[in-house]
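# Descriptive analysis of the structure
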Amino acid sequence: MAAPRPRRATPDSRREIPILLALLLTAGAVGGPARALLPVYLERDLAWAPPAIAALAAARLFAGAVSAPLGGALAASAGPRRTLRLGLAGLPIAALLFLTPAAPALALLLLSAGLADGLQSTGSQTYLVARAGRATIGLTTGAFYVGNTLGGALGNLAAGALLTGWGFAGVGWAGLAAGLLVFVAAAALPAADGGPTARRPALAGALAGYRPLLGSPLVRQLALLRFLSTCAWGAATFLWPLLIARLSGGPAAAALFGTVSLTLAVVAQLGVGRLIDATGPGAPAAVLAGLGPLLAVLSALALAAGSLPALFLAGVAGTAAAWSLSGAVLPLVRAVAPADQAGQIVGLLHLLWSLAMLAGTLLAGGLVAVSPALPFWVAALLGLPAALAARRLRRALRPA
């Protein structure tokens, strides 16, 4: 297959990308408590049962998945900046969850926040693809994901301090005020297009653009890579802490695993980002996708042997590889997207990511009851066609 036609390089901006990264770091801090602490609020203050809490969390994830294709079409028709701003409106909506005891209103707010999640994700990722320079998109993508995770951690830390004196109501009011400020501050983000006179398709035309995209072999390979690798990751990330705690006999080892794996994953993602900038995304993505099945097999063998150190090391390496592979996705979008259709590809991939995380988590929860090692064998099988798709993308993107 011939390599795709090179896209016109977009020079790095001195303002746009730093503003985007700062905005998303702040958005992660504001939105983090509504994700991490909402189950606690529902159980302790509203006396909800765990199955109902889990169903509500799944509903938000599903709403974000459903709205992602719309977000991709909006990014193509109205521009990624406007799409991102619509998504940021979900921050104050999510904060209202802590101020709403009535179940019907709470469910409506959460679904609205979930719909906004899809718009925020597709708008921000499309903006990055459009404005990051070709020579720095790998590192910028790594900083994009690291900043969002770091923001969530900082937000939960601040929420913990608020809970001590003000309870969940204090978290809600602070999140509402901060969310409105972030929404207003997003106006400082420059447009990612050629300005108000830039020609863009109507929303209906942008939605119709998904059909020809699915006919593109490169887009299909990228979609296959994203879905299957995320499905395997969803299963593995659910099980590693659980099974490490079982083998060690307590939660301390699982907590240590979380700290070590997250720290090394951040370092690996930024390092792979620099490698992508130097070599392109094809080769790093192929290597990382190939590591997925191998590390899943090593995890299964570690469980069969009852070896805590082997499972710990396999989990740490698997987390670093998965994070780094995720950081290669947006550079791959930049490489394969037809002109002005990066938004639709990002929307499609976010839809697949959300569905894959749901499927992988449910798969792990069902199979681990049969055998602790069985989900990892299934994850390895899912990773094989994902690795093959990455190899095909590498060959297609290799210069002729």
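Just so it is clear, the structure is predicted and the values come from calculations on it, not from any experiment.

## Considering the overall build of the protein
When you go through the protein residue by residue, the secondary structure sums to 15 helices and zero strands. Its C-alpha atoms give the protein a radius of gyration of 21 Å, within 12% of the compact-globule value 21 Å for 400 residues. A burial count over the protein gives 50% of its 400 residues as buried. Within the protein, residue pairs in contact and separated by at least 24 positions form 86% of the contacts whose partners lie at least 6 positions apart. Total accessible area on the protein stands at roughly 17500 Å², and carbon and sulfur atoms take up 70% of it.

## Here we look at a positive patch on the surface
There is a patch of like positive charges on the surface, built from Arg 391, Arg 392, Arg 394, Arg 395 and Arg 398. Mapping Arg 398 onto the fold places it in the segment after α15 (374-397). With relative accessibility at 45%, the residue Arg 398 sits in the partly exposed group.

## With respect to the nonpolar core
Core analysis: the largest hydrophobic core is formed by 57 residues, its most contacted members being Leu 20, Leu 88, Leu 222, Leu 225, Val 333, Ile 345 and Leu 349. Per-element accounting of this core gives the leading share, eight residues, to helix α13 (residues 308-336). Listed in part, the 22 residues of the second largest apolar core include Ile 244, Leu 303, Leu 311 and Ala 364.

## Concerning the packing of aromatic side chains
A full pass over the atoms with the stated rule returns eight aromatic pairs. Between Tyr 41 and Phe 98, the ring centres sit 5.6 Å apart and the planes meet at 70°, which makes this aromatic pair edge-to-face. Of the two residues, Tyr 41 sits in helix α2 (residues 38-44) while Phe 98 sits in the loop between α5 (90-95) and α6 (103-131), which places them 57 residues apart along the sequence. Both residues of the pair, Tyr 41 and Phe 98, belong to the buried class.

Rules behind the numbers
Residues numbered from 1 in each chain as written. Predicted model: local features only at pLDDT ≥ 70, side-chain atom pairs only at ≥ 80, totals over all residues. Heavy atoms only, no water. Helix = DSSP H or I, 4+ residues; strand = E, 2+ residues; numbered from the N terminus. Rg over C-alpha atoms; globule rule 2.2 N^0.38 Å. Buried < 20%, exposed > 50% of the residue type's maximum accessible area, 1.4 Å probe, protein only. Contact = heavy atoms within 4.5 Å. Areas by Shrake-Rupley, 256 points an atom, 1.4 Å probe, with all protein chains shown as cover. Patch = residues over 30% accessible without salt bridge, like charges linked within 9 Å, V, L, I, M, F, W, Y side chains within 5 Å. Salt bridge = Lys/Arg side-chain N within 4 Å of Asp/Glu carboxyl O. Lys, Arg positive; Asp, Glu negative; His and termini not counted. Charge placed at Lys NZ, Arg CZ, Asp CG, Glu CD. Core = buried A, V, L, I, M, F, W, Y, C linked by side-chain atoms within 4.5 Å. Phe/Tyr/Trp six-rings, centres within 6.5 Å; stacked < 30°, edge-to-face > 60°.

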